[in-house]
Amino acid sequence: MLSAFANAFRTPDLRHKILFTLFILAVFRLGSVIPVPNVNVSNINRCVAEANSGSSAGLYSMISLFSGGALLKLAIFALGIMPYITASIILQLLTVVIPKLETLKKEGASGQNKITQYTRYLTLVLGLLQATAFVTLATSGRLFTTCALPVVYSTEIFEVIVMILTMTAGTTIVMWMGELITDRGIGNGMSIMIFTQIAARFPDSLWAIKVERNGAGQAHAWFVFSMVIAIGLLVMAAVVFIEQGQRRIPVQYAKRMVGRRMFGGSTTYIPLKVNQSGVIPVIFASSILYLPVLYATFRPQTRAARWITQYFQTGSHPVYNIVYFLLIIFFCYFYVAITFDPVEMSDNMKKYGGFIPGIRAGKPTEDYLAYVLSRLTAPGSLYLGLISMIPTLAFVYLHANQNFPFGGTSILIIVGVALDTVKQVESKLQQRHYEGFLSS
């Protein structure tokens, strides 16, 4: 492994790509700690500390998960890459229901460039709306419900507009830097930036578990700390194992004569992953469950808010976990249904003379692909649901729910991005070396 890293840096173009990626990530993290104008840094740091230790710690932990803590501190890159991710998911869902977008998707590179352009415009709109929402909460004193300190120096309209425009511009710059990493660096830029923001919170979260246990003795604190590390490594190993698992459906292509030449006759396969939907169902389920919590946080006087606070506020109540688990399973099936079309796959195979051995072309192939996909989605959805229950188990056995860093969403994103990046490095190394990155 070490020799493979050395080979990566000995290759000039690969070394430049890695260093360029690290430089962009350094700029990204720098912008995540520099606050926008008009922010009272000392007051907001105190409010963040109170929020992370209060009864609404679960809510604020989810808010800052994908921003590395930058959002609550109203940094320049506070919104991070999430407006772009949200815009991408929305466009991906709309391609199923809007014929115009579906046509563009089938046009190849030119159509994809158009969809990418629409994604950028939607990112700018979402960034402006989210920046306006958070700045409004900050200036009105409702960003931190447990802290009465003013987090801004002035609430005049000019200062507020400057804050909104700065955060919106930061979102645009983050989107641009992500595309730069994709074009000139290593890996998918957007995924690596999410990876960076989540990983940035790991050291503090891990150390907070040890600090909280100091009252029971240093030996006990270090034991719990070691147990958390061991659990995290075991979970990562399990996630890697499942994420790499796939069902390979063999496909054969019949030989056919075109002029005087014979084409086809090859054998390939359709790789169907166990976790076909990735981390999207977890993100969708978390977002939906935090909408009522947000309502209860800012409208605590209503009867519905009191009920939501009782069952959903902490994130450890059985009702919350059951609803969360069922939502993940639902979104797994929903996302797979809209992203993988057995009818289209069967038509493409039939068009190019392909068939699954033992299965007739046409409707039987569609039914077979749908059957296999549903059988794979069942264990995949249960796996996602169980991985997402890790913070709850940590709360029960370690009393470390809010500071436990190996949550389902963060682990899935970190492992998925790491695997994808390693594969890209391996493919570039194999152009010059017989030994791959993973086999060295």
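Here, the structure is the one placed above.
Every value quoted in this text rests on a predicted model; they were computed, and no experiment measured them.

1. With respect to the overall build of the protein chain
Right, on to step 1. On a plain count of helices and strands, the protein chain comes out with 18 helices and 5 strands.
Right, on to step 2. When the 440 residues of the protein chain are sorted by exposure, 45% land in the buried category.
Right, on to step 3. Just so you have it, the protein chain exposes about 22600 Å², and 65% of that area is on carbon and sulfur atoms.

2. Re the nonpolar core
Right, on to step 1. Membership of the largest hydrophobic core comes to 53 residues, with the highest contact counts inside it found for Ile81, Met193, Val239, Tyr324 and Leu412.
Right, on to step 2. Here the element with the most residues in this core is helix H12 (residues 280–298); it accounts for 9 residues.
Right, on to step 3. Residues within four places of Val239 in sequence aside, it is in contact with Tyr383, Ile387, Ile411, Leu412 and Val415.
Right, on to step 4. Counting 25 residues, the second largest nonpolar core, distinct from the first, contains Val48, Leu71, Ala131 and Val135.

3. Notes on the packing of aromatic side chains
Right, on to step 1. Under the definition given, this model contains 5 aromatic pairs.
Right, on to step 2. Seen from their ring centres, Phe330 and Phe331 are 5.2 Å apart, and the 65° between their planes marks the pair as edge-to-face.
Right, on to step 3. Residue Phe330 is classed as partly exposed on the basis of its relative accessible area of 48%.

4. Some points on the sheet that holds strand S5 (residues 354–355)
Right, on to step 1. Pairing is antiparallel across the open sheet formed by 3 strands, whose spatial order is S4-S1-S5. Only two strands of the sheet have a single partner each, and these edge strands are strand S4 (267–273) and S5.
Right, on to step 2. Running over the sheet, helix H16 (residues 363–388) touches strand S1 (246–253) and S4 and is turned about 165° from S1.

5. Notes on helix H15 (residues 342–351)
Right, on to step 1. Buried residues of H15: Pro342, Ser346 and Met349, and no others. End-on view of H15: buried residues confined to an arc of 65°, all on one side of the axis.
Right, on to step 2. Considering only its buried residues, H15 is in contact with S1, S4, S5 and H16.
Right, on to step 3. Two residues or fewer past H15, Gly353 is found with a positive phi of approximately 80°.

6. Structural notes on the pairing of S1
Right, on to step 1. Sheet topology note: the S1/S4 ladder contains 7 bridges and is antiparallel. Following the sheet pairing, Pro250 is matched in S4 by Tyr269.
Right, on to step 2. One ladder, built from 2 bridges, connects S1 with S5; its direction is antiparallel. Within S5, the residue paired with Gln252 across the bridge is Phe355.

7. Examining the environment of Tyr368
Right, on to step 1. Its place among the elements puts Tyr368 in helix H16.
Right, on to step 2. Classification of Tyr368 as partly exposed rests on a relative accessible area of 22%.
Right, on to step 3. Considering only alpha carbons, one finds Tyr368 and Ile356, 12 residues apart in sequence, at a separation of 9.4 Å.

8. Digging into the pattern of salt bridges
Right, on to step 1. By the definition in use, this model includes 3 salt bridges.
Right, on to step 2. Glu243 is the partner of Lys273 in a salt bridge, and the nearest nitrogen-oxygen pair spans 3.7 Å. Of this pair, Lys273 sits in strand S4 while Glu243 is found in helix H11 (residues 218–244), placing the two residues 30 residues apart along the sequence.
Right, on to step 3. Of the residues examined, Lys273 reaches a relative accessible area of 32% and is grouped as partly exposed.

9. Concerning helix H9 (residues 189–199)
Helical geometry: 3.6 residues make up each α-helical turn, so side chains three or four residues apart lie on a common side.
Right, on to step 1. With 8 of 11 residues buried, H9 is to be regarded as a mostly interior element.
Right, on to step 2. Regarding H9, the residues found buried are Gly189, Met190, Ile192, Met193, Ile194, Thr196, Gln197 and Ile198.
Right, on to step 3. At the N-terminal end of H9, a side-chain oxygen is found 3.2 Å from the backbone nitrogen of Met190, two or three residues along, and the residue is Asn188.

10. Looking at the packing of helix H7 (residues 109–140) against helix H8 (residues 157–184)
Right, on to step 1. Look at H7 against H8: their axes get within 8 Å of each other, and the N-to-C directions meet at 145°. Viewed along their axes, H7 and H8 form a crossing whose handedness is right-handed. On H8, the residues touching Thr116, Arg120, Thr123, Leu124, Gly127, Leu128, Ala131, Thr132, Val135 and Thr139 of H7 are Val160, Met163, Ile164, Met167, Thr168, Thr171, Thr172, Met175 and Glu179.
Right, on to step 2. For the contact of H7 with H8, the per-class residue count stands at 9 nonpolar, 8 polar and 2 charged.

11. Quick word on a nonpolar patch on the surface
Right, on to step 1. Together, Ile90, Leu94, Val96, Val97 and Ile98 line one region of the surface with nonpolar side chains, adding up to about 360 Å² of accessible area.
Right, on to step 2. Within the secondary structure, Val97 sits in helix H5 (residues 82–97).
Right, on to step 3. Relative accessible area serves as the criterion here: at 60%, Val97 is assigned to the exposed category.

The rules behind each value
Residues numbered from 1 in each chain as written. Predicted model: local features only at pLDDT ≥ 70, side-chain atom pairs only at ≥ 80, totals over all residues. Heavy atoms only, no water. Helix = DSSP H or I, 4+ residues; strand = E, 2+ residues; numbered from the N terminus. Buried < 20%, exposed > 50% of the residue type's maximum accessible area, 1.4 Å probe, protein only. Areas by Shrake-Rupley, 256 points an atom, 1.4 Å probe, with all protein chains shown as cover. Core = buried A, V, L, I, M, F, W, Y, C linked by side-chain atoms within 4.5 Å. Contact = heavy atoms within 4.5 Å. Phe/Tyr/Trp six-rings, centres within 6.5 Å; stacked < 30°, edge-to-face > 60°. Pairing = 2+ DSSP bridges. Axes fitted to C-alpha atoms, helices over the stretch in contact; angles between N-to-C directions. Arc of directions from axis to C-beta. Salt bridge = Lys/Arg side-chain N within 4 Å of Asp/Glu carboxyl O. Polar contact = N/O pair within 3.5 Å; in protein donor to acceptor, adjacent residues only side chain to side chain. Left-handed = near helix turned anticlockwise from the far one by under 90°. Nonpolar A, V, L, I, M, F, W, Y, C, P; charged D, E, K, R; others polar. Patch = residues over 30% accessible without salt bridge, like charges linked within 9 Å, V, L, I, M, F, W, Y side chains within 5 Å.

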